[in-house]
Amino acid sequence: MRKTTKNLTLSAMFMAVGLVLPFLTGQIQQIGNMLLPMHLPVFLCGLICGWQYGAAVGAVLPLLRAAAFGAPLLFPTALAMAFELATYGLVAGLLYGYSRWQCVVALYRSLIAAMLAGRIVWGGVQIVLLGLSGSAFTWQMFLSGALLNAIPGLIVQLILIPAIMVALNRTGLVTFQRKQPLENAAAR
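To keep things clear, this report deals only with the structure shown in the data block. (Residues numbered from 1 in each chain as written. Predicted model: local features only at pLDDT ≥ 70, side-chain atom pairs only at ≥ 80, totals over all residues. Heavy atoms only, no water.)

### Observations concerning the overall build of the protein
Piece 1. A tally of helices and strands in the protein yields nine helices and two strands.
Piece 2. N-terminal to C-terminal, the α/β element order of the protein is α-α-α-α-α-β-α-α-α-β-α.
Piece 3. Since a compact globule built from 188 residues should have a radius of gyration of about 16 Å, the 17 Å found for the protein is in line with a globular shape.
Piece 4. Dimensions along the principal axes, computed over C-alpha positions, put the protein at roughly 60 × 30 × 30 Å.
Piece 5. Long-range pairs, those at least 24 residues apart, make up 69% of the contacts in the protein between residues at least 6 apart in sequence.
Piece 6. Split by element, the accessible area of the protein, about 10400 Å² in all, is 71% carbon and sulfur. (Helix = DSSP H or I, 4+ residues; strand = E, 2+ residues; numbered from the N terminus. Rg over C-alpha atoms; globule rule 2.2 N^0.38 Å. Contact = heavy atoms within 4.5 Å. Areas by Shrake-Rupley, 256 points an atom, 1.4 Å probe, with all protein chains shown as cover.)

Right under this line is the structure:
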């Protein structure tokens, strides 16, 4: 019960950070879009609270931000981002949570796999949404949106998220740990 309350509280904090962070980076729209500010709290939520919370925050955050502030546009941007961010929180949290060793290496593996999965999901959702509106989603649009324009944000994520997790590990708020093999855990 106590852990659930802690995770719900942290998830609410990550949601709030995700709502506010784009204001700090979005003053210049080109730069704000490239830094991917809503992605950071979703990744952290999935890694710290678990995949369920990360997926929920990721699914709700862009839709709530679109409804509250009108940015990103609900169709197709916020809808596609909802699937993308939910995938980030889910995959990062799931892979990291089930890693035998929860360490920086496992953190990078989880982040990179989640980034790839989220980008693929985003592209698939964009194809469907733009197809419904009678537009086409081209390969060039995918490469531009998923990779080329996102490179600064991807670099920031790969530097900042592990740095935050290492700092939280040093303070004892989030600990890196080695999980026991299943046969040793069953013997207890």
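### Concerning the nonpolar core
Piece 1. Counting residues in hydrophobic clusters, the biggest one holds 32 residues, and the most contacted among them are Phe43, Leu47, Ile161 and Met165.
Piece 2. Of all the elements in the fold, those that place two or more residues in this core are helix H1 (2-25), helix H3 (39-49), helix H4 (51-69), helix H5 (74-97), helix H6 (104-132) and helix H8 (151-171).
Piece 3. With seven residues, H3 is the single largest residue contributor to this core.
Piece 4. If near-sequence neighbours (up to four positions away) are discounted, Met165 is found in contact with Leu44, Leu47, Ile48, Tyr96, Leu107, Val174 and Phe176.
Piece 5. Ala80, Trp122, Leu129 and Phe142 belong to the second-largest nonpolar core, a separate cluster that totals eight residues. (Core = buried A, V, L, I, M, F, W, Y, C linked by side-chain atoms within 4.5 Å. Buried < 20%, exposed > 50% of the residue type's maximum accessible area, 1.4 Å probe, protein only.)

### Side note on H3
Piece 1. Of all eleven residues making up H3, ten are buried, and the element is well covered by its neighbours.
Piece 2. Of the residues making up H3, those classed as buried are His39, Leu40, Pro41, Val42, Phe43, Leu44, Cys45, Gly46, Leu47 and Cys49.
Piece 3. The inward-facing, buried residues of H3 abut H1, H4, H5, H6 and H8.
Piece 4. Looking one or two places after H3, you find Gly50, whose phi comes out positive at around 115°.

### What about H8?
Piece 1. In this model H8 runs 30 Å from its N-terminal to its C-terminal C-alpha over 21 residues, within 8% of the 30 Å that 1.5 Å per residue would give.
Piece 2. Count one or two residues on from H8 and you reach Gly172, which has phi positive near 90°. (Expected span 1.5 Å × (residues − 1).)

### Regarding the layout of surface pockets
In this approach, a probe sized like a water molecule rolls over the atoms, and the result shows the empty space that is left.
Piece 1. When its volume is computed, the second largest pocket comes out at roughly 500 Å³.
Piece 2. Among the secondary structure elements, those contributing two or more residues to the lining of the second largest pocket are H1, H3, H4 and H5.
Piece 3. Looking at the lining of the second largest pocket, its residues break down into eleven nonpolar, nine polar and three charged. (1 Å grid on protein atoms, 1.4 Å probe; cavity = no way out; pocket = protein on both sides within 12 Å on 5 of 7 lines; lining within 4 Å. Points joined across faces, edges and corners; volume = space filled by probe spheres on them. Nonpolar A, V, L, I, M, F, W, Y, C, P; charged D, E, K, R; others polar.)

### Points about the side chain of Ser11
Piece 1. With respect to the secondary-structure elements, Ser11 resides in helix H1.
Piece 2. Classification of Ser11 as buried rests on a relative accessible area of 7%.
Piece 3. Within the structure, Ser11 has its side chain in polar contact with the backbone oxygen of Asn7 (distance 2.8 Å).
Piece 4. Those residues in contact with Ser11 that sit more than four places away from it in its chain are Cys45, Cys49, Tyr53 and Val57. (Polar contact = N/O pair within 3.5 Å; in protein donor to acceptor, adjacent residues only side chain to side chain.)

### A short note on the pattern of salt bridges
Piece 1. Inspection of the entire model under this criterion finds one salt bridge.
Piece 2. Linking Arg119 and Glu84 is a salt bridge whose minimum nitrogen-to-oxygen distance equals 3.5 Å. In this pair, Arg119 is assigned in helix H6 and Glu84 in helix H5, connecting sequence segments 35 residues apart. As far as burial versus exposure is concerned, Arg119 and Glu84 are alike and both buried. (Salt bridge = Lys/Arg side-chain N within 4 Å of Asp/Glu carboxyl O.)

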